[in-house]
2 protein chains.
Amino acid sequence: MAGTAGALLLLLAAGLGAALWPQPQWLLQDPQSRCRLSSRQFRFSYANGSAVAPGCEVLDGAFQRYWQLLFPPGHKEPSGSNVENLCPNLLVSVAQAGCSGYPTLESPENYKLSISVDLMLLTAPNIWGALRGLETFSQLSWKDEVGTFYLNKTVVIDFPRFPHRGLLLDTSRHFLPLRAILETLDAMAYNKFNVFHWHIVDDPSFPFESLVFPDLSLKGSYNSATHVYTPNDVKMVIEYARLRGIRVIPEFDTPGHTLSWGPGKNCLGMRKQVCKDSKLMTLLTPPSSSACSSPTVFLSVLSILEPTHNHTSFVNAHKPPVDAFSWTSVPVLCFFQVNPNTVIHVWKGNFQQEMSRVTKAGFRALLSSPWYLNFISYGQDWLEAYRVEPLAFEGSAEQKTLVIGGEACMWGEYVDATNLTPRLWPRAGAVAERLWSNQTVRNQEDAYERLSDFRCTLLRRGIRAEPLYTGYCEFDAL
Amino acid sequence: MAGTAGALLLLLAAGLGAALWPQPQWLLQDPQSRCRLSSRQFRFSYANGSAVAPGCEVLDGAFQRYWQLLFPPGHKEPSGSNVENLCPNLLVSVAQAGCSGYPTLESPENYKLSISVDLMLLTAPNIWGALRGLETFSQLSWKDEVGTFYLNKTVVIDFPRFPHRGLLLDTSRHFLPLRAILETLDAMAYNKFNVFHWHIVDDPSFPFESLVFPDLSLKGSYNSATHVYTPNDVKMVIEYARLRGIRVIPEFDTPGHTLSWGPGKNCLGMRKQVCKDSKLMTLLTPPSSSACSSPTVFLSVLSILEPTHNHTSFVNAHKPPVDAFSWTSVPVLCFFQVNPNTVIHVWKGNFQQEMSRVTKAGFRALLSSPWYLNFISYGQDWLEAYRVEPLAFEGSAEQKTLVIGGEACMWGEYVDATNLTPRLWPRAGAVAERLWSNQTVRNQEDAYERLSDFRCTLLRRGIRAEPLYTGYCEFDAL
């Protein structure tokens, strides 16, 4: 990977081009060679031979979004530009047909991007990889002082280090309006996150509107008219996420954290009449009757609360299937009683020890404990998240392969729509790069420069990302 | 003051009425007696005999603003409401004529508010007190479940504990667009702050556009086309603040923190040709040639940089005149060389010791060191600011009288328009109440309830104030 750093330095030394976030696995740029990107000429188009063609909602939609991001409203092409050296259209070629499905843990996300004045080509095995490549493409454009956009001659060969790169939002401690969730999904896509972990209900409120058990939100939400997610809202979130290559994992945390499921603590916090329902009862009962009950996320709960939903995106999308995610704090002995397909989410304690213990027991592991972004402190605390190395724990090579990724968590005790975005971005970007980029990408000064630049990109795209430190962005005076 | 607490408890026990922030000095409410506030009937009007009459921009404007805050756009009067028990107009009676001036450190801000179905009357010695009373009035209205607004029978007798209740914004480390400053002034008025301390320039950038020395911002701002305050911007800030009873103290920090005044460090950080100007040179030279130079805020600098401005609001408004504000860290001996009219701003160190030392030397003091709100931590850190007692230092009663107030500070290393509002509000409210309300108002549980309620009021008024803890506001799902 030495070539990566070399090519990058060459570019920075020339003072040209845009910073990329997260850093691709392999990047080669020629600072001397560039083409001009003109909004009058440039289009995204499907390459001849692509297995996916116009009519694919995922890519058609992405072409439209990224064109608007490249040429923001109010953008004015400098007059008198000549027609020489114009960048051609970006040809997108996808090997595998299929546009209507959901991304899975196993979906490849690699892509190859070649940019030159003669040919601009993005190739990917499937639409999800193409989405990642489009994001990178959009970050490569840069503008000179008179407002002309350029692309340097570039080759990017890229793929994620970990397949599960998640972000958790908590909509129980504070309700987050739909637009806040959709905006977060946009920003996630810009950061190449691919899992939205929706901690949808918890003790304080139950905002999920179930057609089967309407009382749960009628009596358990903050306000059942305004502070709820209707079935249509949930469908919209799932589809909005799908169009950006993001899986939604809605979490119905049980058997703990269910106070909002009903007043009173009898019957595990639920109303008796609801609790009598055998299916729901199952959810609220620990997997075994021993002392080994652990807070467990049942993916299948949604199919009980809302059978009309399309669950393929999060229930059947795993091979081998993931029956459940479980938060750690499971005593070692209990592992014997947990379904081996369970993914263990490491959320507290010394993460090196926990990761070692969980993978030694043969479970797949997700890392979150060092990435609780709701914890804030004065100064550049994104660096703490950035410095984390998920595989820096004692264990065999085989154990390391069981680490499928991690998640940045934004718990909601002190967070609602007023402060969610600036608390989350660009800090969560530190986690995004750690989970996407090569293990060797660790230079903090370089990361500071690129992340500062990327946060300006986020601002320009309408995401109120807070500053890393003293300075300014072109657009922050608006 | 026992009566205050008693009356308040009576009201809270009845579950009626609105919480007030900051808590008035004296409040009596009858939870059993109320009138209905109707947008069809209710108006603010000048009382007969008031020395201030229609045409006074300060109060005319306030009547309009507060009417819109009482009855937000989209508000619908419940149909079928009968005309009985309607609240009458609020009569406003101001004793002292005058509407075109600026508030000063000595301006009284007391007011008396009487609300009953027979008569609603606000009396104040001047327009500034009337503004404070209008804010309190607007916080007294509450809404039942069908959307009818009410006012309980109420008497408020109120005045500030300290005359200088300030908030500092830093527009050098990050530029804050004009609208962010104006929004802050709105929120300040809701909190009864009365001083906007504008830390306008510093090392990182010089956004103040001077007609006399245009190079200062042309070469010292982040972007001289977009990241500057024009003379008109500054005038607008001063007038917008005046209309809300807020003084503007623009700070041109010298002799330190002047890197942005010119490239290079020769000539105390300024360009030579500018530095040759004798008036500016004076500003950059310590008051004496001894080792006793201290970072000193020269109020008069604005009159050199921009002689066309109306400076009466901040230069000549003090009796005795304040020639300068000085940040502490002045060695004790140096006090002998400092003009005795200087106000010393206590910004670091053990604040009890500093306040004691400064007032013992006979200087008036402003407290800020425990109120650096740019310092953030996880959890309810507003409580730390709230617990501060400015007079809890060793010193005589006479020394205590020298404490003219304090300022909440929001330094800009990590703050710009993306995160300013949720970081500032409602946390700065803790400082506002400490500086306005009686010394005995210290109950943290009561403050939590009122401040949570008040932050919902701020949200409804369009201020993105962040939550204190888990919960919701009626409007936060929008």
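These numbers come from a predicted model, not from an experiment.

So, how was this worked out
- Residues numbered from 1 in each chain as written.
- Chains lettered and ligands numbered in written order.
- Predicted model: local features only at pLDDT ≥ 70, side-chain atom pairs only at ≥ 80, totals over all residues.
- Heavy atoms only, no water.
- Least-squares fit on C-alpha atoms with pLDDT ≥ 70 in both.
- Contact = heavy atoms within 4.5 Å.
- Helix = DSSP H or I, 4+ residues; strand = E, 2+ residues; numbered from the N terminus.
- Buried < 20%, exposed > 50% of the residue type's maximum accessible area, 1.4 Å probe, protein only.
- Salt bridge = Lys/Arg side-chain N within 4 Å of Asp/Glu carboxyl O.
- Buried area = accessible area lost by both parts, 1.4 Å probe.
- Core = buried A, V, L, I, M, F, W, Y, C linked by side-chain atoms within 4.5 Å.
- Pairing = 2+ DSSP bridges.
- Right-handed = clockwise from strand over helix to strand, strands pointing away.
- Polar contact = N/O pair within 3.5 Å; in protein donor to acceptor, adjacent residues only side chain to side chain.
- Disulfide = S-S within 2.5 Å.
- Phe/Tyr/Trp six-rings, centres within 6.5 Å; stacked < 30°, edge-to-face > 60°.
- Lys NZ or Arg CZ within 6 Å of the ring centre and 35° of its normal.
- Domains from an automatic or database assignment.
- Axes fitted to C-alpha atoms, helices over the stretch in contact; angles between N-to-C directions.
- Parallel < 35°, antiparallel > 145°, perpendicular 65-115°, else oblique.
- Nonpolar A, V, L, I, M, F, W, Y, C, P; charged D, E, K, R; others polar.

### A closer look at the relation of the copies chain A and chain B
No. 1: Of the transformation superimposing chain A on chain B, the axial component is 0.0 Å and the angular component is 180°, with the fit at an RMSD of 0.0 Å. The superposition of one copy onto the other is thereby described by a two-fold rotation axis. The C-alpha atom lying nearest the rotation axis in chain A is that of A:Ser377; the distance is 2.4 Å.
No. 2: A symmetric contact is evident, with 100% of the interface residues of chain A recurring at the interface of chain B.

### Concerning the environment of B:Leu37
All names here are of chain B.
No. 1: The residue Leu-37 is located in strand S1 (residues 26–37) in this model.
No. 2: For Leu-37, a relative accessible area of 1% translates into the label buried.
No. 3: For the pair Leu-37 and Glu-209, spaced 172 residues apart in sequence, the C-alpha to C-alpha distance is 47 Å.
No. 4: If we skip the residues at most four places from it in the chain, Leu-37 touches Phe-42, Leu-70, Phe-71, Glu-77, Cys-87, Ser-141, Phe-149, Tyr-150 and Leu-151.

### Let's talk about the pattern of salt bridges
No. 1: A full pass over the atoms with the stated rule returns 38 salt bridges over all chains.
No. 2: As a salt-bridge pair, B:Arg244 and B:Asp186 come within 2.8 Å of each other at their nearest N and O atoms. In this pair, B:Arg244 is assigned in the loop between helix H6 (231–242) and strand S10 (247–254) and B:Asp186 in helix H4 (residues 178–190), connecting sequence segments 58 residues apart. Across the pair, B:Asp186 and B:Arg244 agree in class, each one buried.
No. 3: Salt bridges here are not isolated pairs; linked through shared partners, they connect A:Asp170, A:Arg173, A:Asp202 and A:Glu413.

### Description of unusual backbone geometry
No. 1: Here the amide bond leading from B:Trp21 into B:Pro22 is cis, since omega sits at -5°, within 30 degrees of zero.
No. 2: By secondary structure assignment, the location of B:Pro22 is in the loop between helix H1 (2–14) and S1.
No. 3: Cis geometry marks the peptide bond from B:Trp425 to B:Pro426; its omega dihedral reads 5°.
No. 4: With a phi angle near 65°, A:Lys192 is a residue other than glycine that sits in the positive phi range.
No. 5: With respect to the helices and strands, A:Lys192 occurs in the loop between helix H4 (178–190) and strand S9 (195–201).

### Details of the interface of chain A and chain B
No. 1: Taken together, the contacts link 41 residues of chain A with 41 residues of chain B.
No. 2: Buried surface at the junction of chain A and chain B, both sides included, amounts to about 3,500 Å², of which 59% is carbon and sulfur.
No. 3: Considering only the surface of chain A that becomes buried against chain B, A:Tyr378, A:Tyr414 and A:Thr418 emerge as the three largest contributors, covering 22% of it.
No. 4: Our count for the chain A to chain B interface comes out at 4 salt bridges.

### A short note on the nonpolar core
No. 1: In this structure, B:Leu59, B:Leu90, B:Leu134, B:Phe137, B:Phe196 and B:Trp425 are the most contacted members of the largest nonpolar core, which totals 112 residues.
No. 2: Element by element, the count of residues in this core is highest for H4(B), at 9 residues.

### So, the pairing of strand S8 (residues 164–170) of chain B
All names here are of chain B.
No. 1: With respect to burial, S8 is a largely interior element, 7 of its 7 residues being buried.
No. 2: Residues His-164, Gly-166, Leu-168 and Asp-170 line one face of S8 and the alternating positions Arg-165, Leu-167 and Leu-169 line the opposite face, and both faces are buried.
No. 3: Pairing between S8 and strand S15 (residues 403–410): 6 bridges, direction parallel. Directly across from His-164, in S15, lies its bridge partner Gly-405.
No. 4: In terms of strand pairing, S8 meets strand S9 (residues 195–201) through 5 bridges, oriented parallel. Note that in S9 the partner of Asp-170 across the bridge is His-199.
No. 5: For the crossover from S8 across H4 to S9, the handedness is right-handed.

### Considering helix H11 (residues 351–360) of chain B
All names here are of chain B.
No. 1: Within the sequence span of H11, burial applies to Phe-351, Glu-354, Met-355, Ser-356, Val-358 and Thr-359.
No. 2: Those residues of H11 hidden inside the fold are in contact with strand S13 (343–346), strand S14 (364–367), helix H13 (397–401) and S15.
No. 3: Phi turns positive, to about 90°, at Gly-362, one or two residues after H11.

### Observations concerning helix H10 (residues 351–360) of chain A
No. 1: Looking at the packing, one finds that the buried side of H10(A) touches strand S13 (343–346), strand S14 (364–367), helix H12 (397–401) and strand S15 (403–410) of chain A.
No. 2: At the N-terminal boundary of H10(A), the capping side chain belongs to A:Asn350, with an oxygen 2.9 Å from the backbone nitrogen of A:Gln352.

### A closer look at the state of the cysteines
Residues and elements named next belong to chain B.
No. 1: Using the criterion set out here, one finds 6 disulfides over all chains in the structure.
No. 2: Across the disulfide, Cys-35 is cross-linked to Cys-87 (sulfur-sulfur distance 2.1 Å). Handedness of the Cys-35-Cys-87 disulfide follows from its S-S torsion of about 100°: it is right-handed. One end of the pair, Cys-35, is in strand S1; the other, Cys-87, is in the loop between helix H2 (57–70) and strand S3 (90–94), with 52 residues separating them in the sequence.

### Notes on the pairing of S13(B)
Residue and element names in this part refer to chain B.
No. 1: Neither face of S13 is exposed, since Val-343 and His-345 on one face and Ile-344 and Val-346 on the opposite face are all buried.
No. 2: Direction of pairing for S13 relative to S14: parallel, over a ladder of 4 bridges. Directly across from His-345, in S14, lies its bridge partner Leu-366.
No. 3: Handedness of the β-α-β unit built from S13, H11 and S14 comes out right-handed.

### Overview of the packing of aromatic side chains
No. 1: All told, the structure shown has 42 aromatic pairs over all chains when counted by the stated rule.
No. 2: Pairing B:Phe42 with B:Phe137 gives two aromatic rings, centres 5.7 Å apart and planes at 20°, and the pair type is stacked. Residue B:Phe42 is found in the loop between S1 and strand S2 (44–46), and its partner B:Phe137 is found in helix H3 (residues 127–140); the two are separated by 95 residues along the sequence.
No. 3: Residue B:Phe42 is classed as buried on the basis of its relative accessible area of 0%.
No. 4: Cluster of aromatic residues (ring-pair linked, three or more members): A:Phe42, A:Phe44, A:Tyr46, A:Phe63, A:Trp67, A:Phe71, A:Phe137 and A:Phe149.
No. 5: Sitting over the face of the ring of A:Tyr102, A:Arg242 holds its NZ or CZ atom 5.9 Å from the ring centroid.
No. 6: Over the ring of B:Trp436 we find B:Lys192; its NZ or CZ atom is 5.7 Å from the centre of that ring.

### Observations concerning the domain arrangement of chain A
All names here are of chain A.
No. 1: Domain boundaries in chain A define domain 1 (26–73 + 83–158) and domain 2 (164–461).
No. 2: Contact with domain 1, which involves 23 residues of that partner, is made by 26 residues of domain 2.
No. 3: Both faces considered, domain 1 and domain 2 share a buried interface measuring about 2,200 Å² in area, 52% of it formed by carbon and sulfur atoms.
No. 4: There are 2 salt bridges connecting domain 1 and domain 2.
No. 5: Here Arg-165 and Glu-109 are joined by a salt bridge, their closest N and O atoms 2.9 Å apart.
No. 6: Breaking the side of domain 1 that touches domain 2 down by element, the ones donating at least two residues are helix H2 (57–70) and helix H3 (127–140).
No. 7: Per-element tally for the side of domain 1 that touches domain 2: the top contributor is H3, with 7 residues.

### Focus on the packing of H4(A) against helix H6 (residues 231–242) of chain A
All names here are of chain A.
No. 1: At a minimum axis distance of 10 Å, the contact between H4 and H6 shows a crossing angle of 10°. In terms of orientation, H4 lies roughly parallel with respect to H6. Taken together, the residues of H6 that come into contact with H4 (itself represented by Leu-178, Ile-181, Leu-182, Leu-185 and Asp-186) are Asp-233, Met-236, Val-237, Tyr-240 and Ala-241.
No. 2: Its residues placed into classes, the contact of H4 with H6 shows 8 nonpolar, no polar and 2 charged.

### Some words on the packing of H2(B) against H3(B)
All names here are of chain B.
No. 1: Put simply, H2 and H3 touch, their axes get as near as 10 Å, and they point 5° apart. Judged on the interaxial angle alone, H3 and H2 are roughly parallel. Between H2, through Val-58, Leu-59, Ala-62, Phe-63, Arg-65, Tyr-66 and Leu-70, and H3, the contact on the second element is made entirely by Ile-127, Trp-128, Ala-130, Leu-131, Leu-134, Glu-135, Phe-137 and Ser-138.
No. 2: Its residues assigned to classes, the contact of H2 with H3 comprises 12 nonpolar, 1 polar and 2 charged.

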